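Single-letter residue listing:
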Amino acid sequence: MLSIIEQIKQGKLWDFHGGIHPAENKALSSKQPIKAAGIPHELVLPLKQHIGSRGDIIVNIGDHVLKGQPLTQGDIAMCVPIHAPSSGTITAIEQRTTAHPSGLTDLCIVIATDNQDTWCQTKQYPDYQDRDPAELIEAIRLAGIAGLGGAGFPTARKLQGGLGNVDILIINAAECEPYITADDRLMQDYADEVIEGVRILRHIIAPKLTLIGIEDNKPEAIKALEACVSEDDNIIIRVIPTKYPSGSSKQLVKLLTGREVPSQARSTSIGVIMQNIGTAFAIKRAIVNGEPLIERVVTLTGEAFKQRGNVFALLGTPIAYLLEKFGYQADKKYPRVIIGGSLMGFTLPHANVPITKITNCILTPKRKELPLHTYEMACIRCSACADVCPSSLLPQQLQWYAKDKDYDKCEEYNLSDCIECGACAYVCPSEIPLVQYYRQAKAEIWERKQDEMSAERARQRFEAKQQRMERDKADRENRFAKAATDRRQNMAASGGDDAVATAIARVKAKQAAVATTPTIKPAVAAAIAKAKAKQAASTSEANAEPDNSEMAALRKQRKLQAREQKAAKHAELMQQQQADTDQPSAQNTDKKDAVAAAVARAKARKAAQKAPTVIDAEPVVAEPVTKVNTDAEVDPKKAAVAAAVARAKARKSAQQAQVSIETQAPVNDATTDVAPVTKMNTDAAVDPKKAAVAAAVARAKARKAAQQAQVSIETQAPVNEPVTEVNTDAAVDPKKAAVAAAVARAKARKAAQQAQVSIETQAPVNDATTNAAPAAEVNTDVVIDPKKAAVAAAVARAKARKAAQQVQVSIETQAPVNDATTDAAPAAEVNTDVVIDPKKAAVAAAVARAKARKAAQQANKAQSNIEEE
């Protein structure tokens with residue numbers, strides 16, 4: 001049975017599962033030779049352009065760098081540096097958008113070029129055949145070379161892993177992605193340099209067989225390579241059928257060797273190592289010419305480009321610069337710029353994205369050239385995706401689990417073996433973007449694994465720390481034990497005692513003595529005694545009854561002081577009131593008082609007109625009015641009932657007076673006693689409703705008194721109504737007190753005028769004594785509502801007018817009064833111990849003086865009439 005190498009030499013090819021045959025569209029850019037893209041005014045270099053960790057920055061902002069000068073450094077195999085693609089000045093080290101499907105930003109070094117393109121000093125290895133492979137591998141790493149086929153795996157790390165482990169070297173020249181022709185033109189234009197790079201790789205790895213796998217759709221490149229290969233090179237150019245994705249690493253290994261790369265493993269595990277055509281070209285430039293990886297071949301294709309082809313673009317060149325220089329005309333409706341081919345590429349968020357080591361194509365299709373996916377539809381389970389999958393996966397199952405974020409199931413179904421070729425999405429009739437789901441799921445799984453690794457590293461560090469601390473503790477204990485043993489041995493050898501043991505024994509003896517004979521210090525004992533005494537005192541005080549005599553005395557003293565202050569304030573206000581009552585004031589602030597007074601006057605005139613002029617009346621004894629005691633608070637309902645009863649009695653007495661007038665009964669030697677008005681005790685607070693009821697009762701009584709006075713005057717029997725005696729020992733409102741004082745003064749003046757008229761007429765009164773009614777005694781110790789005060793003022797004014805009318809009638813009839821003594825009513829005694837408003841008191845005084853003047857004028861008129869007669 002022939003070996004694999006013998007079968008390969010005989011020209012045998014194998015096949016892989018699935019695959020598709022999309023439109024190639026390579027003729028758009030493969031006709032022209034490679035051009036130089038030029039030097040842009042700004043270069044943006046991401047620090048991480050490969051698989052692995054990024055290096056440490058060794059330059060600063062403002063530094064001037066030369067072409068080929070390293071900008072970062074790293075000491076590990078998975079870290080490759082980046083170099084300045086051209087000379088210039090570093091203007092910024094900041095976050096910029098990078099060429100990644102996520103569209104995220106990364107730390108970048110920004111260089112403003114000077115267009116001088118000055119090289120730094122480089123190191124070449126033209127005699128690489130005499131160099132050690134390890135030295136060449138380190139030179140490749142320092143040149144910053146990573147896989148240019150698209151994966152970006154560090155070349156030096158791959159070569160180190162293949163030393164002594166591989167027997168077949170494969171150079172990938174298939175370039176199966178539609179639209180991309182970078183490797184095709186590189187092989188056509190620089191075939192000799194490509195083959196020289198393959199020779200360097202053969203010198204480093206020393207394989208048994210070297211294969212260059214190239215698709216049959218590149219005949220010019222095949223001819224160019226065959227022309228540069230000699231029989232001594234032991235390089236076989238193997239042409240394979242065009243099928244996508246035959247350029248993938250695992251699929252090309254299967255095509256050329258028949259070996260399958262295990263899941264989650266590399267091709268070196270089966271004795272095969274693979275490098276790209278572009279990587280071989282970069283290795284030749286780095287080893288022979290001493291040029292680090294600062295530029296690469298990029299395909300500019302798509303109908304939106306006027307000048308299509310392949311260019312040498314400096315790493316860090318903004319894509320916007322290439323679009324502008326090579327005549328990009330964006331589609332008016334759907335402008336798109338894609339990095340990569342039509343199947344594995346991704347759309348950029350904007351054009352200010354730099355060229356990196358793994359950028360091999362810029363595709364700008366028109367809308368008709370590469371239709372957009374309108375919308376995603378439901379999977380119909382047609383299995384077309386599974387039929388074309390080159391990795392023999394189940395794409396529909398992976399899509400469901402990725403969409404459901406069931407990442408464990410995704411790993412179970414070998415999502416990591418997906419090469420993201422896009423064949424499944426290409427054939428999907430539901431237009432499901434399957435690759436996008438896989439990329440997102442891979443990113444999530446990678447993130448979870450990184451977290452797990454970080455947690456594991458933290459756990460390992462913690463455990464290592466704990467072990468170190470335990471070791472240190474054990475070492476200390478052993479050290480102390482050894483020192484104690486040595487000390488005891490030395491003491492025993494010298495015949496002395498152990499000093500440490502003696503000291504310990506003394507301390508234990510002291511502790512035992514203290515424990516057997518406890519002693520208490522005097523200061524401590526005194527403090528304990530004081531605490532116990534305080535506790536006993538507090539207990540006795542808690543049990544004893546509290547003595548509040550001092551507090552009671554203080555309260556009594558404060559009450560006396562408050563009373564004295566109150567009395568002093570009352571005295572001052574009394575003096576102020578006495579002074580203010582003499583000042584005239586023409587201001588009337590209460591419209592309600594005026595209205596009530598007008599109503600009372602109208603009712604008095606009407607009653608006087610109805611009374612007969614000459615009637616002989618019998619002595620009339622009015623029914624005494626109910627005496628009301630209001631020392632306590634009165635219920636409003638009860639007050640209303642009492643008022644209704646008073647009104648009924650008033651009507652009854654008025655009817656009796658009318659009957660006595662009609663019978664014209666003479667009244668001789670009789671004294672008509674008018675019922676005394678209710679004596680009211682208002683020591684307590686009076687309700688406004690009760691005050692209104694009392695005012696109405698007072699008005700009714702006033703009318704009855706006027707009618708009785710008119711009858712008595714016409715029958716020549718003068719009878720004076722005693723004035724109501726009101727006892728108001730409680731506190732009086734300032735307004736009410738002022739009104740009451742004014743009323744009392746007006747009544748006093750009217751009584752004096754009546755006495756004067758009776759003296760001038762010299763009318764004898766026979767066997768009759770007319771006692772003037774004593775003035776009302778008002779005690780204003782209580783608080784009276786302003787409305788009640790107004791009502792009381794109106795009643796007083798009505799009574800004053802009635803008294804004046806009685807005087808007028810007595811003058812006109814000239815009735816003789818014999819043996820009679822007319823006693824003028826004493827002035828009202830007013831108790832004004834409360835605070836009175838000066839303005840209101842002045843108004844009340846002015847009203848009283850006006851009424852007195854009016855009564856005097858009426859008396860003068862009556863006197864003049866008598867003299868004329």
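Look a little higher up for the structure.
How each quantity is defined
Residues numbered from 1 in each chain as written. Predicted model: local features only at pLDDT ≥ 70, side-chain atom pairs only at ≥ 80, totals over all residues. Heavy atoms only, no water. Helix = DSSP H or I, 4+ residues; strand = E, 2+ residues; numbered from the N terminus. Contact = heavy atoms within 4.5 Å. Areas by Shrake-Rupley, 256 points an atom, 1.4 Å probe, with all protein chains shown as cover. Phe/Tyr/Trp six-rings, centres within 6.5 Å; stacked < 30°, edge-to-face > 60°. Buried < 20%, exposed > 50% of the residue type's maximum accessible area, 1.4 Å probe, protein only. Lys NZ or Arg CZ within 6 Å of the ring centre and 35° of its normal. Pairing = 2+ DSSP bridges. Polar contact = N/O pair within 3.5 Å; in protein donor to acceptor, adjacent residues only side chain to side chain. Patch = residues over 30% accessible without salt bridge, like charges linked within 9 Å, V, L, I, M, F, W, Y side chains within 5 Å. Salt bridge = Lys/Arg side-chain N within 4 Å of Asp/Glu carboxyl O. Lys, Arg positive; Asp, Glu negative; His and termini not counted. Charge placed at Lys NZ, Arg CZ, Asp CG, Glu CD. Core = buried A, V, L, I, M, F, W, Y, C linked by side-chain atoms within 4.5 Å.

A. Broad picture of the overall build of the protein. Counting its regular elements, the protein contains 23 helices and 18 strands. Counted over contacts in the protein with a minimum sequence separation of 6, partners at least 24 positions apart contribute 80%. For the protein, the exposed surface amounts to about 46200 Å²; the carbon and sulfur share of it is 53%.

B. Inspection of the packing of aromatic side chains at higher detail. Under the criterion given, the structure shown has five aromatic pairs. Plain terms: the ring middles of Tyr-190 and Phe-281 are 5.6 Å apart, the flat faces sit at 55 degrees to each other, and that makes the pair tilted. A residue pair is termed long-range when its members are at least 10 positions apart, and Tyr-190 in the loop between helix H4 (182–189) and helix H5 (191–205) and Phe-281 in helix H8 (residues 277–287) qualify at 91 residues. For Phe-281, a relative accessible area of 8% gives the class buried. Between Tyr-190 and Phe-312 the ring centres are 5.6 Å apart and the planes differ by 75 degrees, which places this aromatic pair in the edge-to-face class. Here Tyr-190 is found in the loop between H4 and H5, whereas its partner Phe-312 is found in strand S13 (residues 309–314), with 122 residues between them in sequence. According to the relative accessible area criterion, Tyr-190 is partly exposed, its value standing at 22%. Among the residues examined, Phe-312 registers a relative accessible area of 11% and is labelled buried. Every member of this aromatic cluster is reached through a ring pair, and the members are Tyr-190, Phe-281 and Phe-312. Between the NZ or CZ atom of Lys-243 and the centre of the ring of Phe-16, over which it lies, the distance is 4.5 Å.

C. Just the sheet that holds S13, in detail. With mixed pairing, the six strands of this open sheet are ordered in space as S1-S13-S12-S16-S14-S15. Since the sheet does not close on itself, it has two edges, and those belong to strand S1 (35–36) and strand S15 (346–347), each with one partner. Relative to S13, S1 runs parallel, the two sharing two bridges. Bridging from a neighbouring strand, Ala-36 pairs with Phe-312 of S13.

D. Geometry of the environment of Lys-243. You can see Lys-243 is positioned in the loop between strand S10 (235–240) and helix H7 (249–257). Expressed as a C-alpha distance, the spacing of Lys-243 and Cys-176, which sit 67 residues apart in the sequence, is 7.0 Å. With sequence-adjacent residues up to four places away left out, Lys-243 is seen in contact with Asp-15, Phe-16, Gly-18, Gly-19, Ile-20, His-21, Cys-176 and Glu-215. Here Phe-16 takes part through its backbone oxygen, which lies 3.3 Å from a polar atom of the side chain of Lys-243.

E. The arrangement of a positive patch on the surface in detail. Positive charge collects at one region of the surface, where Arg-555, Arg-558, Lys-559 and Arg-563 lie side by side. With respect to the helices and strands, the residue Lys-559 is situated in helix H17 (residues 549–580).

F. Focus on the sheet that holds strand S6 (residues 88–97). Ordered in space as S2-S7-S6-S4, the four strands form an open sheet in which the pairing is antiparallel. Either end of the sheet is taken by a strand with one partner, and the two such strands are strand S2 (42–46) and strand S4 (64–65). Where S6 lies against strand S7 (residues 105–113), nine bridges are found, and the strand directions are antiparallel. By the bridge assignment, Ile-93 is partnered in S7 with Ile-109.

G. Summary view of the nonpolar core. Ranked by size, the top nonpolar core spans 78 residues in total, and within it Leu-71, Ile-111, Leu-225, Ile-287, Ile-319 and Ile-362 carry the most contacts. At eight residues, the largest contribution of residues to this core is made by H5. If near-sequence neighbours (up to four positions away) are discounted, Leu-225 is found in contact with Met-187, Ala-191, Val-194, Ile-195, Ile-212, Ile-214 and Ile-237. Core analysis: the second largest hydrophobic core is formed by 19 residues, Ile-170, Leu-252, Ile-270 and Val-272 among them.

H. View of the side chain of Thr-210. Mapped onto the elements, Thr-210 comes out in strand S9 (residues 209–215). A relative accessible area of 0% means that Thr-210 is categorised as buried. Among the polar contacts made by the side chain of Thr-210, one reaches the side chain of Arg-202 at a distance of 2.6 Å. Once you skip the residues sitting within four places of it in the chain, Thr-210 turns out to touch Leu-169, Val-198, Arg-202, Asn-234, Ile-235 and Ile-236.

I. Representation of helix H11 (residues 395–403) in the model. For H11, the tally of buried residues reaches seven of nine residues, placing the bulk of the element in the interior. Those residues of H11 not exposed but buried are Pro-395, Gln-396, Gln-397, Leu-398, Gln-399, Tyr-401 and Ala-402. Here the buried face of H11 lies against helix H10 (384–388), helix H12 (407–412), helix H13 (423–427) and helix H14 (434–494). In the segment just after H11, Lys-405 is the residue with positive phi, at about 60 degrees.

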